[in-house]
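# Reading the structure
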Amino acid sequence: MLKLTRRELIGMGITGIGLSLPLVYNLLLGNHDLEQSEYREFRQKLEQKVEVDLGRIKKKSLTLYEIKNLDDLRKLSELTARKVNGRQYVLNKDIDCNGEHLNPISRFFGVFDGQGHTIYNFRIRDNYAGLFGDIIGSENNSSILANLNIENAEVEGIDYSGLLFGNARFLSVFNCRVSGNVKGGKINLGLLGGRLEHGIVLDSSAKGYVNDEYTTQLIKYAYKCLIRWKLKLFYAWFFCCYL
């Protein structure tokens, strides 16, 4: 079991998840002030949520919308801007954006299954910048991003920015891979995502540059999250929480 201290979680900020060997070292060796029963309850709750969310991906809803091309991707951004949410989307083929600028898919609430496909070569410049800008969910009904790859993307944001998403609450991310560049302010810029609260990230990876510095960082700032990422031949689990 990981032993986490309030001092480390606050002082280290649980920032740079997937990036810093000193962070890993301190988290593994620290002493915890969280009761074991509380920790187990927190862990079990998140593990149960993983099973529920994975089931939601497999169970296709009646309101299933297909994304087949760049125009469909732009329409999704327009829909969420009008607060049309709660839908399930699937990406049915790879999309090459050819360096075109996209608006973030903001205020997203729903399920997006990339089905293993890749979105290439897009550019985004905004606050809360990312393919998905600002993501919302609820404790009992998280938004989900799954099985999606992003390659050679460029994102520039003022704050809370990443290649997949900028800022998110109650979001589950499964099996997503991203590569590219993120630029902007120095607060909460990550490759996969900028800031995540009450979230789950499983079996995902990132590589690229944040403000011209190479990194494999996933999330810059995480609050009450379960994060597992693949590091070469083994998996690392982190149960991050403030209580």
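## Brief notes about the overall build of the chain
Secondary structure assignment for the chain yields four helices and 19 strands. Scored against the burial criterion, the 243 residues of the chain give a buried share of 50%. Here the contacts in the chain between residues at least 6 apart in sequence split such that 75% fall between residues at least 24 apart. Approximately 11800 Å² of the chain is accessible, and the part contributed by carbon and sulfur atoms is 49%.

## Quick notes on unusual backbone geometry
Notably, Gln115 is not glycine yet its phi reads approximately 55 degrees, a positive angle. Within the element layout of this structure, Gln115 appears in the loop between β5 (110–113) and β6 (118–120). What makes Gln115 partly exposed here is its relative accessible area of 38%.

## Observations concerning the packing of aromatic side chains
This structure, assessed with the given rule, holds six aromatic pairs. Look at Tyr89 and Phe108: their rings are 6.1 Å apart centre to centre, the planes differ by 45 degrees, and that puts the pair in the tilted class. Here Tyr89 is found in strand β3 (residues 87–91), whereas its partner Phe108 is found in the loop between β4 (95–96) and β5, with 19 residues between them in sequence. Look at Phe108 and you get buried, because its relative accessible area is 0%. Residues Phe108 and Phe132 carry aromatic rings whose centres are separated by 5.0 Å and whose planes lie at 65 degrees to one another, so their mutual orientation is edge-to-face. Taken together, the residues span a long stretch of sequence, with Phe108 in the loop between β4 and β5 and Phe132 in strand β8 (residues 132–135) at a distance of 24 residues. Phe132 carries the same exposure label as Phe108, and that label is buried.

## Observations regarding helix α4 (residues 70–81)
When the terminal C-alpha atoms of α4 are compared, their 17 Å separation across twelve residues agrees well with the 16 Å that a helix rising 1.5 Å per residue should span. Buried within α4 we find Leu70, Asp72, Leu73, Leu76, Ser77, Leu79 and Thr80. Here the buried face of α4 lies against β2 (64–67), β3, β4, β5 and β6. By the N-cap criterion, in which a side-chain oxygen at the helix start approaches the backbone nitrogen of a residue two or three places on, α4 is capped by Asn69, the distance to Asp71 being 3.1 Å. Count one or two residues on from α4 and you reach Lys83, which has phi positive near 60 degrees.

## Describing the pattern of salt bridges
Close approach of charged atoms allows side chains of opposite charge to pair. On inspection of all chains with the given rule, the structure shows ten salt bridges. For Lys49, the salt bridge identified is with Asp53, shortest N-O distance 3.7 Å. Of this pair, Lys49 and Asp53 both sit in helix α3 (residues 36–58), four residues apart, roughly one helical turn. For Asp53, a relative accessible area of 1% translates into the label buried. As a salt-bridge pair, Arg195 and Glu197 come within 2.4 Å of each other at their nearest N and O atoms. Through salt bridges with shared partners, one network takes in Lys49, Asp53 and Arg56.

## Focus on the pairing of strand β11 (residues 165–169)
Of all five residues in β11, four are buried, a share of seventy percent or more. Where β8 and β11 come together, three bridges link them in parallel fashion. When the sheet's bridge partners are listed, Asp134 is paired in β11 with Asn167. Note: β11 against strand β14 (residues 193–197), four bridges, orientation parallel. Across the sheet, residue Phe165 finds its bridge partner in β14, namely Gly193.

## Here's the deal with the nonpolar core
Formed by 46 residues in total, the largest nonpolar core has its most connected members in Phe112, Phe122, Leu131, Phe132, Leu164 and Phe165. For this core, the leading source of residues is α4, giving four residues. In this structure Phe132 touches Ile105, Phe108, Phe112, Leu145, Leu148, Leu164, Phe165 and Gly166, once residues within four positions along its chain are discounted. Counting residues in each nonpolar core, the second largest holds ten residues, with Leu46, Val111, Phe174 and Leu202 among its members.

## Quick notes on the side chain of Asp72
By the secondary structure assignment, Asp72 is in helix α4. Here Asp72 sits buried without a salt bridge, and the closest side chain of opposite charge, Lys75, lies 4.5 Å off (N-O distance). Among the polar contacts made by the side chain of Asp72, one reaches the main-chain amide nitrogen of Lys68 at a distance of 2.9 Å. Not counting chain neighbours up to four residues away, the residues in contact with Asp72 comprise Glu66 and Ile67.

About the criteria used
Residues numbered from 1 in each chain as written. Predicted model: local features only at pLDDT ≥ 70, side-chain atom pairs only at ≥ 80, totals over all residues. Heavy atoms only, no water. Helix = DSSP H or I, 4+ residues; strand = E, 2+ residues; numbered from the N terminus. Buried < 20%, exposed > 50% of the residue type's maximum accessible area, 1.4 Å probe, protein only. Contact = heavy atoms within 4.5 Å. Areas by Shrake-Rupley, 256 points an atom, 1.4 Å probe, with all protein chains shown as cover. Phe/Tyr/Trp six-rings, centres within 6.5 Å; stacked < 30°, edge-to-face > 60°. Expected span 1.5 Å × (residues − 1). Polar contact = N/O pair within 3.5 Å; in protein donor to acceptor, adjacent residues only side chain to side chain. Salt bridge = Lys/Arg side-chain N within 4 Å of Asp/Glu carboxyl O. Pairing = 2+ DSSP bridges. Core = buried A, V, L, I, M, F, W, Y, C linked by side-chain atoms within 4.5 Å. Lys, Arg positive; Asp, Glu negative; His and termini not counted.

As far as function goes, none of this settles anything; it's purely spatial.
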